[in-house]
Amino acid sequence: MAELEMRVAIAKVPRAGEIESGDTLEMIERPGGGFSFVLADGQGSGRSAKTLSHLVATRAIALLKDGARDGAVARAVHDYLYTYRMGQAAATLNILSVDFAAHKILVTRNNPAPFFAVTPQGLRSFNAPSAPIGLQPLIRPQISELPITAYTYVVMFTDGLLRAGERSGEDLGLPNYLAAWPAREGRDPQTLVDSVMQRALELDDGQPSDDMSIVVLAILPRSDAPGLRRLMVSAPIIATGHYEPPDEPEIEE
């Protein structure tokens, strides 16, 4: 494990005509070692969907920070949303964790959309039926475990990605694309994220019909000095409300 590193790449884009995406992604360093990525997709689009997905994601992050197990977190967040919104609001929830202590990758899914794992042995699709949280009591997540091994890519996303091309009757063909991904070459996951998102935007003529988010986790041989960590974020600056700059402080002479 000391000779491996994890790399994560993410891309999000809002539905055409909306200022911001209704999807929310949060990251946390796990108390026992490792990282978790929470991806939530609120019902609808725009500000109301963003408020809902942010509520779900921040609740999940708070529980993970306290050391709760991923499956228990998903159940607790569902119970909270079902009670708080009285069964009138739905959201999808994915938790992708790299657990250093257990030496496993965990994917906890309350999302009808599947996730995929790509390894040198081929493509695996995890598509067992899974319901969104918030609408029905006693909703349970689908939990999958994968070993932490070199050249493993885990691809998860919100359902908007699969809707790319619907208006023109085209299909993204994500499983076929991933099946051809050369996992053994150890390419950076950002390359995979960018190519999939670019294809999805092309199918929608640059006007996405739904919020789209994609997360790719790669386990690759370590290429940097031991202990070195990096984080890079790129996002547009969006004015979401009226802003008044603070008064300049008075300076005594």
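Scroll up for the structure.
Cut-offs and rules
Residues numbered from 1 in each chain as written. Predicted model: local features only at pLDDT ≥ 70, side-chain atom pairs only at ≥ 80, totals over all residues. Heavy atoms only, no water. Helix = DSSP H or I, 4+ residues; strand = E, 2+ residues; numbered from the N terminus. Buried < 20%, exposed > 50% of the residue type's maximum accessible area, 1.4 Å probe, protein only. Contact = heavy atoms within 4.5 Å. 1 Å grid on protein atoms, 1.4 Å probe; cavity = no way out; pocket = protein on both sides within 12 Å on 5 of 7 lines; lining within 4 Å. Points joined across faces, edges and corners; volume = space filled by probe spheres on them. Nonpolar A, V, L, I, M, F, W, Y, C, P; charged D, E, K, R; others polar. Phe/Tyr/Trp six-rings, centres within 6.5 Å; stacked < 30°, edge-to-face > 60°. Lys NZ or Arg CZ within 6 Å of the ring centre and 35° of its normal.

## A closer look at the environment of Thr-149
Part 1: Of note, Thr-149 is situated in the loop between strand E8 (142–147) and strand E9 (152–157).
Part 2: When its relative accessible area of 36% is taken as the criterion, Thr-149 is described as partly exposed.
Part 3: Among residues more than four places away in sequence, those in contact with Thr-149 are Leu-4 and Ile-219.

## Observations regarding the layout of surface pockets
Part 1: In this structure, the largest pocket spans a volume of roughly 1800 Å³.
Part 2: Taken together, 45 residues line the largest pocket, and the ones lying closest to its centre are Val-8, Met-27, Arg-230, Leu-231 and Met-232.
Part 3: Where the lining of the largest pocket is concerned, the elements lending two or more residues are strand E1 (4–13), strand E2 (23–29), strand E3 (34–42) and helix H4 (189–203).
Part 4: Taken together, the residues that form the lining of the largest pocket break down as 28 nonpolar, six polar and 11 charged.

## Quick notes on the packing of aromatic side chains
Pairs of aromatic rings are described using the distance from one ring centre to the other and the angle between the two planes.
Part 1: All told, the structure shown has five aromatic pairs when counted by the stated rule.
Part 2: With a centroid separation of 5.5 Å and 10 degrees between ring planes, the pair formed by Tyr-80 and Tyr-84 is classed as stacked. Taken as a pair, Tyr-80 and Tyr-84 lie in helix H2 (residues 70–84) at a separation of four residues, close to a single helical turn.
Part 3: For Tyr-80, a relative accessible area of 23% corresponds to the partly exposed category.
Part 4: On the basis of an interplanar angle of 80 degrees and a centroid distance of 5.8 Å, the ring pair of Tyr-153 and Trp-181 is categorised as edge-to-face. With a gap of 28 residues between them, Tyr-153 in strand E9 and Trp-181 in the loop between helix H3 (174–179) and H4 connect regions that are remote in the sequence. The same class applies to Tyr-153 as to Trp-181, namely buried.
Part 5: In this arrangement the basic side chain of Arg-59 is found over the ring face of Tyr-80, its NZ or CZ atom lying 3.8 Å from the centre.
Part 6: Lying over the aromatic face of Trp-181, Arg-187 brings its terminal NZ or CZ to 5.5 Å of the ring centre.

That's the geometry; what it means functionally is another story.
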